[in-house]
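The chain contents come next:
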Protein chains: 2
Amino acid sequence: MSTTGRGLHGRVLDTLGPEITAGDYPPGSVLRTDELAHRFDVSRSVMREVVRVLESMHLVESRRRVGVTVLPTREWNVYDPQVIRWRLAGADRPRQLRSLTVLRSAIEPVAAGLAARHATAEQCAELTECALGMVANSRGHRLEGYLFHDMAFHRVILNASGNEMFARLGDVVAEVLAGRTHHDVMFEDPDPAAVTLHVQLAEAVRERDAARAEKLTREITEGALQELDILAP
Amino acid sequence: MSTTGRGLHGRVLDTLGPEITAGDYPPGSVLRTDELAHRFDVSRSVMREVVRVLESMHLVESRRRVGVTVLPTREWNVYDPQVIRWRLAGADRPRQLRSLTVLRSAIEPVAAGLAARHATAEQCAELTECALGMVANSRGHRLEGYLFHDMAFHRVILNASGNEMFARLGDVVAEVLAGRTHHDVMFEDPDPAAVTLHVQLAEAVRERDAARAEKLTREITEGALQELDILAP
DNA sequence: TGTGACGTATAAGTCTGACTTTTTGTTCGC
DNA sequence: GCGAACAAAAAGTCAGACTTATACGTCACA
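Residues numbered from 1 in each chain as written. Chains lettered and ligands numbered in written order. Predicted model: local features only at pLDDT ≥ 70, side-chain atom pairs only at ≥ 80, totals over all residues. Heavy atoms only, no water.

This part covers helix 11 (residues 210-227) of chain A. All names here are of chain A. Between the first and last C-alpha of helix 11 there are 26 Å, a value that for 18 residues agrees with the 26 Å anticipated at 1.5 Å per step. Every buried residue of helix 11 is accounted for by Ala-210, Ala-213, Glu-214, Leu-216, Thr-217, Ile-220, Thr-221, Ala-224 and Leu-225. On the buried face of helix 11, the contacting elements are helix 5 (93-118), helix 7 (143-160), helix 9 (170-182) and helix 10 (192-206). (Helix = DSSP H or I, 4+ residues; strand = E, 2+ residues; numbered from the N terminus. Expected span 1.5 Å × (residues − 1). Buried < 20%, exposed > 50% of the residue type's maximum accessible area, 1.4 Å probe, protein only. Contact = heavy atoms within 4.5 Å.)

Let's shift gears to empty space enclosed by the protein. One way to see where empty space is left: roll a probe the size of a water molecule over the atoms. Tallied over the entire structure, the rule returns 4 cavities of 30 Å³ or more. In this structure, the largest cavity occupies an estimated 130 Å³ of space. Lining the largest cavity are 13 residues, with Asn-77 and Tyr-79 of chain A together with Tyr-79, Asp-80 and Pro-81 of chain B positioned closest to its centre. Residue composition of the lining of the largest cavity, grouped by class: 7 nonpolar, 2 polar and 4 charged. (1 Å grid on protein atoms, 1.4 Å probe; cavity = no way out; pocket = protein on both sides within 12 Å on 5 of 7 lines; lining within 4 Å. Points joined across faces, edges and corners; volume = space filled by probe spheres on them. Nonpolar A, V, L, I, M, F, W, Y, C, P; charged D, E, K, R; others polar.)

To continue, consider the domain arrangement of chain A. Examined at the domain level, chain A breaks down into domain 1 (8-75) and domain 2 (92-227). When each unit is reduced to the centre of its C-alpha atoms, the spacing between domain 1 of chain A and domain 2 of chain A is 36 Å. (Domains from an automatic or database assignment.)

Once that is clear, we can look at the environment of Leu-103 of chain B. The residue Leu-103 of chain B is located in helix 5 (residues 93-118) in this model. Taking the relative accessible area as the measure of exposure, Leu-103 of chain B reaches 4% and is therefore buried. Every residue in contact with Leu-103 of chain B, bar those within four places of it in the chain, is listed here: Ile-107, Asn-163, Met-165 and Phe-166 of chain A together with Tyr-79 and Leu-169 of chain B.

Here we come to the relation of the copies chain B and chain A. Superposing chain B onto chain A takes a rotation of 180 degrees plus a shift of 0.0 Å along the axis, which leaves an RMSD of 0.1 Å. Both copies of the chain, as the preceding transformation shows, are related through a two-fold rotation axis. In this assembly the copies share their binding face: 100% of the residues contributing to the interface of chain B also contribute to that of chain A. (Least-squares fit on C-alpha atoms with pLDDT ≥ 70 in both.)

Contact with chain B, which involves 40 residues of that partner, is made by 40 residues of chain A. Taken over both partners, the interface formed by chain B and chain A buries close to 3600 Å², and the fraction arising from carbon and sulfur atoms is 58%. When residues of chain B are sorted by the area they lose upon contact with chain A, Tyr-79, Met-165 and Arg-168 of chain B head the list and together hold 20% of the total. At the junction of chain B and chain A, the tally comes to 6 salt bridges. Across the salt bridge formed by Arg-87 of chain B and Glu-164 of chain A, the nearest N and O atoms sit 2.8 Å from each other. Here chain B and chain A share 17 residue pairs in polar contact (both at pLDDT 80 or more) between them. (Buried area = accessible area lost by both parts, 1.4 Å probe. Salt bridge = Lys/Arg side-chain N within 4 Å of Asp/Glu carboxyl O. Polar contact = N/O pair within 3.5 Å; in protein donor to acceptor, adjacent residues only side chain to side chain.)

Let us now look at helix 9 (residues 170-182) of chain B. Residues and elements named next belong to chain B. With 13 residues, helix 9 extends 18 Å between its outermost C-alpha atoms, agreeing within 8% with the 18 Å of an ideal straight helix rising 1.5 Å per residue. Judged by how many residues are buried, helix 9 sits mostly within the fold: 10 of 13 residues are covered. Looking at the buried side of helix 9, the elements it contacts are helix 4 (81-89), helix 5, helix 7 (143-160), helix 8 (164-167) and helix 11 (210-227).

Taken together, 22 residues lie around DNA strand C, and Leu-8 and Ser-43 of chain A together with Thr-33, Arg-48 and Arg-65 of chain B are the ones closest in. Of what DNA strand C places within 4 Å of the protein, 69% of the atoms are sugar or phosphate. Between DNA strand C and Thr-33 of chain B there is a distance of 2.9 Å, counted from a phosphate oxygen to a backbone nitrogen or oxygen. Arg-64 of chain B places a side-chain nitrogen or oxygen 3.4 Å from a sugar or linking oxygen of DNA strand C. Secondary structure elements with two or more residues in the surface near DNA strand C: helix 1 (8-21) and helix 3 (44-56) of chain A together with helix 3 (44-56) and strand 2 (60-63) of chain B. Per-class residue counts for the surface near DNA strand C are 4 nonpolar, 7 polar and 11 charged. (Near = heavy atom within 4 Å.)

This is the structure:
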């Protein structure tokens, strides 16, 4: 599941990245490339590549004569899928999940409205199929099956919006949904009301009813906010 | 203005990155590190670091025995500020500006609602100050002054939302606003209605009226959508 | 003729060591 | 006390040798 490939470079990154995002090194901490290279038992070349990547994520800043400085959270590229994954795997996972859920609540209703306008016949069919899959797995502790179709459903909506910025959040939403199922709440069968909403949403998109699609999605995401005890906006 | 530092590495990146995002190399094209190093007259070490960064942005994929493959747009990290800047500087700037404006229309209303709940007294003051600045520059072709306060206004809103994902879009929104003023529309004084909306929004936030703040922001962003002839959702 | 195993060429991956450049902090002279 | 020259430290750059994975072509065998 880890995006980073096989190389030595990737393995070092998958260790150092999470350490930084977890806050092991407070902002302003200074690391030295040579030390890191020694610590991970890799050559300076490899270590330099790792630092470059971390720098492109704005997690660190490399300056001559001073070293590799850890930047404050405010600077991080928090939309980088890798950074999101690292943070979700770390200690402030709950906080992260809240941020992302609020983001969802802003994006998805608008995306659904656009999907109602732009979805292809094939996408409408996929949507219906996913909704049916959710219904079929909504009872009897079939959480994994439910999650699978739920993730697919939202991914189709985001793709069908025709906006690439929305489409690219498919992975993030999937991550949030998976996190909800696996770690936090949802030990019992999903809320029947939520299932119904998804079925109705598939319907609204198929019928090109943008306003209804948006409204239904707003209800869905409001449910997600309430689950995390976030005040409904 | 270019984020990338002074190093050799940065200069190569600032050439190759825009070329790729501009579509000079169609998806599936294969580049070779050695060739690139020769073309830019840098060592392989430097070239490898550049490729690693491009890889972390999912613009390319490097595989043994085949080379550096350009990935399809769908794979790109379109939220990476660097990628956004490169694309805005390139040929599909209009398309990009549309995507980002739609994103704004989804994010900002929710952010404004949250800002009304969470804004500090200082942030409320800044907001009022920005709104006044917009008013003061709304007549007599003082577009630069207007833009300055407009960008600051929206940045404060996004920061005051208390959600880091929203806050990080400040640069993007600023870029969109600047693009609108400099390249596209707005050759005359800004719409007085828009100015009024900003003043009212500052008011709503100060009065902790979340619903009104959200509604006003929706009107603002709908105006932005209409300017680009995007169907109001 | 199709299919699978094998070998080879290729391009990325890694390591090492030497050298350059920038920048910080100190020291010295005024 | 202050500015300028100096020295040290760390990143930046380079060149070259070596390693490793893998796509592709070859050949034997069915």
